[in-house]
Amino acid sequence: MGKQRVLSGVQPTGNLHLGNYLGAIRNWVEAQSDYDNYLFVADLHAITVPHDPKELASNTYNLVALYLACGLDLNYSTIFVQSHVSAHSELTWLLNCITPLNWLQDMIQFKEKAVKQGENVGVGLLDYPVLMSADILLYQADFVPVGEDQKQHLELTRDIVNRFNHLFAKPDQPVLKLPAPLIRKEGARVMSLTDGTRKMSKSDPSELSRINLLDTPEQIANKIKRCKTDPIRGLTFDDPERPECNNLLTLYLLLSGKNKEDVAAECQDMGWGQFKPLLTETAIAALKPIQEKYQAIMADKGYLESVLREGKQKAEAVANQTLAEVKAALGYTIPH
């Protein structure tokens, strides 16, 4: 019996930061040999909000190169770009036609983002959960890694599967597989450098709130030097009155590879003036191998193109098979 399949996508917007890496990517890398992984750049999702066309292609290449630099292995993972596989758009239309409108209007993220966009809200913002469902179902994924904000979308996908199979498949021969959430080993919850009570985020308007994986040593040093701290001497974990202290110690713990007891003992008598240079040095050293590998991959455009070409071919083979089965179930003629 083959490995179970995992499907995951990330939008090519903004820069990946330590929160993305320590909270998710590092765990994917550690567990990738356990699954058959399909990982894609969700560039079709990236245009549901206003975007810069000039940045879309470069962000796509940057994201793929960073994935590889962080340790994703092509022996275990198929990496591809969503828009390179036209079955994503085609299956979305077919699923649109069986998805009740009120299911989409009830989605929490649509309600929140529509308020921001006002009268300019696009149909794509309403409809992107169906595209997300198509992404998952094309690859007959067993599992989808989900965070709290995506659980509702996976439930919608499961509702669409049940509706489609009920309407168009034989009870003992489902056309679409019912995916399950993959709750991975809890990744580190990395918080903002400017507010220890909020998660580090790409969407935060302040660059000082996050350390990006591609930040220079000077940028890292500046951000840590200016990050929010408290006036108390001596550094301790897990004090609810000191969220920034806990966050910075946790960053040091994760980036240094030391255990919690050793870090607690090492830092218990330190002031911020002593600790910040230590964290800076550790962060720069931890990111250096990722940055060096990234630069080497970006310098070899031929290799990057070959990764995406091979990923497209592997993804299309699976996606087109599913699409053909869906179309046959719906009554479409299939050319021979």
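- Per an unreviewed UniProt entry, the protein goes by the name Tryptophan--tRNA ligase and belongs to Calothrix parietina FACHB-288.
- Its UniProt record gives the protein the following Function (unreviewed entry) comment, quoted word for word: "Catalyzes the attachment of tryptophan to tRNA(Trp)."
- The UniProt entry for the protein carries the following comment under Sequence similarities (unreviewed entry): "Belongs to the class-I aminoacyl-tRNA synthetase family."

## Quick notes on the pattern of salt bridges
Here is step 1 of the chain: Within the structure shown, the criterion is met by 14 salt bridges.
Here is step 2 of the chain: Across the salt bridge formed by Asp 238 and Lys 260, the nearest N and O atoms sit 2.8 Å from each other. With Asp 238 in the loop between α8 (217-226) and α9 (243-256) and Lys 260 in helix α10 (residues 260-267), this pair connects stretches of sequence that are 22 residues apart.
Here is step 3 of the chain: Between Glu 292 and Lys 288 there is a salt bridge, with the nearest N and O atoms lying 4.0 Å from each other. With Glu 292 and Lys 288 both in helix α11 (residues 272-299) and 4 residues apart, this pair spans about one turn of that helix.
Here is step 4 of the chain: The exposure class of Lys 288 is partly exposed, given its relative accessible area of 48%.
Here is step 5 of the chain: A single network of salt bridges, built from pairs that share partners, joins Glu 207, Arg 210, Asp 215 and Lys 223.

## Things to note about the nonpolar core
Here is step 1 of the chain: Membership of the largest hydrophobic core comes to 52 residues, with the highest contact counts inside it found for Leu 18, Leu 251 and Phe 275.
Here is step 2 of the chain: If you look at the next biggest cluster of nonpolar residues, it comprises 36 residues, including Phe 80, Leu 126, Leu 323 and Val 326.

## Here's the deal with the packing of aromatic side chains
Here is step 1 of the chain: Under the defined criterion, the tally for this structure stands at 9 aromatic pairs.
Here is step 2 of the chain: Judged by centre distance (5.2 Å) and plane angle (45 degrees), the ring pair of Phe 164 and Phe 168 falls under tilted. Of this pair, Phe 164 and Phe 168 both sit in helix α7 (residues 151-168), 4 residues apart, which is roughly one turn of that helix.
Here is step 3 of the chain: Look at Phe 164 and you get buried, because its relative accessible area is 1%.
Here is step 4 of the chain: For the pair Trp 272 and Phe 275, a centre-to-centre distance of 6.0 Å together with 75 degrees between the ring planes defines the contact as edge-to-face. Taken together, the residues span about one helical turn, with Trp 272 and Phe 275 both in helix α11 at a distance of 3 residues.
Here is step 5 of the chain: What makes Phe 275 buried here is its relative accessible area of 0%.
Here is step 6 of the chain: Here a set of aromatic residues connected by ring pairs shows up, and it is made of Tyr 38, Phe 40, Phe 80 and Tyr 139.
Here is step 7 of the chain: Positioned above the aromatic ring of Trp 103 is the side chain of Arg 163, whose terminal nitrogen or guanidinium carbon lies 5.8 Å from the ring centre.
Here is step 8 of the chain: One residue, Lys 301, lies across the ring of Tyr 61, its end atom 4.8 Å from the ring centre.

## A look at the packing of α11 against helix α12 (residues 301-330)
Here is step 1 of the chain: Axis separation between α11 and α12 bottoms out at 5 Å; the angle between their running directions is 85 degrees. When the interaxial angle is binned, α11 and α12 end up roughly perpendicular. On α12, the residues touching Ile 297, Met 298 and Ala 299 of α11 are Lys 301, Tyr 303 and Leu 304.
Here is step 2 of the chain: Grouping the constituent residues of the contact of α11 with α12 by class yields 5 nonpolar, no polar and 1 charged.

## Some words on the UniProt feature "binding site: L-tryptophan" (unreviewed entry) in the protein
Here is step 1 of the chain: Per the UniProt record, "binding site: L-tryptophan" (unreviewed entry) is found at Asp 135.
Here is step 2 of the chain: Classification of Asp 135 as buried rests on a relative accessible area of 2%.
Here is step 3 of the chain: In contact with Asp 135, not counting residues within four places along its chain, are Leu 7, Phe 40, His 45, Gln 82 and His 88.
Here is step 4 of the chain: Within the local environment of Asp 135, its side chain forms a polar contact with the side chain of His 88, the two groups lying 2.7 Å apart.

## As for helix α6 (residues 123-138)
Here is step 1 of the chain: For α6, which comprises 16 residues, the first-to-last C-alpha distance of 22 Å matches the rise-based estimate of 22 Å (1.5 Å per residue) to within 8%.
Here is step 2 of the chain: Along α6, the sharpest change in direction is near 35 degrees and occurs at Pro 129.
Here is step 3 of the chain: Most of α6 is tucked away, with 14 of its 16 residues classed as buried.
Here is step 4 of the chain: Gln 140 sits one or two positions beyond α6 and adopts a positive phi of about 45 degrees.

## Digging into the side chain of His 45
Here is step 1 of the chain: Among the structural elements, His 45 can be located in the loop between β2 (36-41) and α2 (53-69).
Here is step 2 of the chain: Here Gln 82 takes part through its side chain, which lies 3.4 Å from a polar atom of the side chain of His 45.
Here is step 3 of the chain: Looking at His 45, its side chain comes within polar contact range of the side chain of Asp 135, at 2.8 Å.

## Some details on the pairing of strand β3 (residues 77-81)
Here is step 1 of the chain: With 5 of 5 residues buried, β3 is to be regarded as a mostly interior element.
Here is step 2 of the chain: The two faces of β3 match: Ser 77, Ile 79 and Val 81 on one face and Thr 78 and Phe 80 on the other face are all buried.
Here is step 3 of the chain: Direction of pairing for β2 relative to β3: parallel, over a ladder of 5 bridges. Each residue of the ladder has a partner; that of Leu 39, found in β3, is Ile 79.
Here is step 4 of the chain: Considered for its hand, the β-α-β crossover made up of β2, α2 and β3 is right-handed.

What counts and how
- Residues numbered from 1 in each chain as written.
- Predicted model: local features only at pLDDT ≥ 70, side-chain atom pairs only at ≥ 80, totals over all residues.
- Heavy atoms only, no water.
- UniProt positions renumbered as here; feature names shortened; annotations may be inferred.
- Salt bridge = Lys/Arg side-chain N within 4 Å of Asp/Glu carboxyl O.
- Helix = DSSP H or I, 4+ residues; strand = E, 2+ residues; numbered from the N terminus.
- Buried < 20%, exposed > 50% of the residue type's maximum accessible area, 1.4 Å probe, protein only.
- Core = buried A, V, L, I, M, F, W, Y, C linked by side-chain atoms within 4.5 Å.
- Phe/Tyr/Trp six-rings, centres within 6.5 Å; stacked < 30°, edge-to-face > 60°.
- Lys NZ or Arg CZ within 6 Å of the ring centre and 35° of its normal.
- Axes fitted to C-alpha atoms, helices over the stretch in contact; angles between N-to-C directions.
- Parallel < 35°, antiparallel > 145°, perpendicular 65-115°, else oblique.
- Contact = heavy atoms within 4.5 Å.
- Nonpolar A, V, L, I, M, F, W, Y, C, P; charged D, E, K, R; others polar.
- Polar contact = N/O pair within 3.5 Å; in protein donor to acceptor, adjacent residues only side chain to side chain.
- Expected span 1.5 Å × (residues − 1).
- Bend = angle between axes of the 7 residues up to and from the residue.
- Pairing = 2+ DSSP bridges.
- Right-handed = clockwise from strand over helix to strand, strands pointing away.

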